[in-house]
Each structure stands twice: as structure tokens, then as C-alpha cells.
Amino acid sequence: MTDTANHESYTQAAETVADSVKQAFQPVTDAFKNFQTLEVPEAARDFVRRAAGTAKEKVADFHAGSEKVTSAIEETVANSVSEAAKITRNIQQAIYQDTETFFSGIDKLASAKSVQEAFQIQTDLARSQGEVLVSRARSATEYFGKLVSDSAKSVQDNFAKTFSKSA
């Protein structure tokens, strides 16, 4: 769910609560407008009390739901930070491995006794590095696909729990 959708959801919930409160006090408002000198009947007062109680419950439910949404957002952000740290570590490790491979390749090239042997060493190094890059790309694609899927599932589950209990 996007921030805009979350905001709209909260806005709709708040409007629902506000409408409940308006509806609860509408008989009183009408009575004061039209009959300022008359007493409000007991039935109207009872109705207002019941409606106010219902509105109070809805406000409490809305508050509980917003707490759950906040918790879900915190959990999602914490998971995102953790995953970002893993990605950074993996990138650092890849850079280190590439640097080691580069200097190892220079050592091998320096040991070549002929141009043909140097060319063969260079070709083998290039092929090996290409295989490493393809393997990393495949792993990254699988990792990011799983990460997106898991994150979307987590967000969906958290919001389903939140809105099914507070709605």
C-alpha cells in the first residue's frame, strides 16, 4: 500500500468517525435550531448518549488501528534497513573478491614466458570474470525477486491484520 493510499484510508476512517459524531448530535442540533425554547425529549437525549458511545468506540478502534499500522510500518522499515545492510555487505565482498582476482591475474600475467601464454592467461581470466558476473547477476535477480515478494507479503499481511480488526 502506498503512503497516499494509507493517508486516504486514514482520512476515510476519520471522516466515518466524524460523520458518526455529526449524526449522533444532529437531533440535538436540529432541536436547538428549531425549538430553542423547548426541552429536549428524554428519547433524544438517550439517542445522543448511545450514538456518542458508538462514536467513542469507533474512535478507540481507529486509534488502535493506527497503532497497528504504525507498528507494521516500523517492522517494514526495520526489515528494509536490515536488507540494505546485507546488500551493502555483499557489494563490499564482491568488490574485495574482484580486487583480489585482479591482482592474482596480474601475478599470473607476470609469470607468462611468452606472448601466447600471456594471451591465454588473459583470455582465461576474462572468461572466469564473465562467469562470476553472470552468476552474481543471477543471484541478485533471485535475491531481489524474493525480497520484493517477501516484503509485499509482509506488508499485505500486516495491513490485513490491522484493517480487519479495526474496521
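Residues numbered from 1 in each chain as written. Predicted model: local features only at pLDDT ≥ 70, side-chain atom pairs only at ≥ 80, totals over all residues. Heavy atoms only, no water.

Broken down by element type, the protein chain carries three helices and zero strands. What you see in the protein chain, going N to C, is helices and strands ordered as α-α-α. By residue count, 16% of the 167 residues in the protein chain fall in the buried class. Restricting to contacts in the protein chain with at least 6 residues of sequence separation, those with at least 24 account for 76%. Accessible area for the protein chain stands at about 12400 Å²; split by element, carbon and sulfur atoms hold 60% of it. (Helix = DSSP H or I, 4+ residues; strand = E, 2+ residues; numbered from the N terminus. Buried < 20%, exposed > 50% of the residue type's maximum accessible area, 1.4 Å probe, protein only. Contact = heavy atoms within 4.5 Å. Areas by Shrake-Rupley, 256 points an atom, 1.4 Å probe, with all protein chains shown as cover.)

Moving on to the confidence of the model for the protein chain. Counting all residues, the mean pLDDT for the protein chain is 77, and 79% of those residues have values of 70 or more. When the elements of the protein chain are averaged for pLDDT, helix α1 (residues 3-34) gives the smallest value, 69, and helix α2 (residues 42-110) the largest, 81. (pLDDT = per-residue confidence, 0-100.)

This brings us to the packing of aromatic side chains. Summed over all chains, the structure comprises one aromatic pair. Ring geometry for Phe102 versus Phe103: centroids 5.3 Å apart, planes at 70°, classification edge-to-face. We classify Phe103 as partly exposed; its relative accessible area is 48%. (Phe/Tyr/Trp six-rings, centres within 6.5 Å; stacked < 30°, edge-to-face > 60°.)

Quick look at α2 now. The terminal C-alpha atoms of α2, which comprises 69 residues, lie 101 Å apart, in line with the 102 Å expected from a rise of 1.5 Å per residue. The set of residues buried in α2 consists of Ala44, Val48, Ala51, Ala55, Gly65, Val69, Ala72, Glu83, Ala94 and Gly105. (Expected span 1.5 Å × (residues − 1).)

Summed over the entire model, instances satisfying the criterion amount to four salt bridges. For the salt bridge of Glu42 with Arg49, the shortest nitrogen-to-oxygen distance reads 3.5 Å. With a relative accessible area of 41%, Glu42 lands in the partly exposed category. Across the salt bridge formed by Arg127 and Asp124, the nearest N and O atoms sit 3.3 Å from each other. Pair noted here: Arg127 and Asp124 are both in helix α3 (residues 115-166), with a separation of three residues, about one helical turn. A relative accessible area of 47% places Arg127 in the partly exposed class. One connected set of salt bridges, linked through shared partners, spans Glu42, Asp46 and Arg49. (Salt bridge = Lys/Arg side-chain N within 4 Å of Asp/Glu carboxyl O.)

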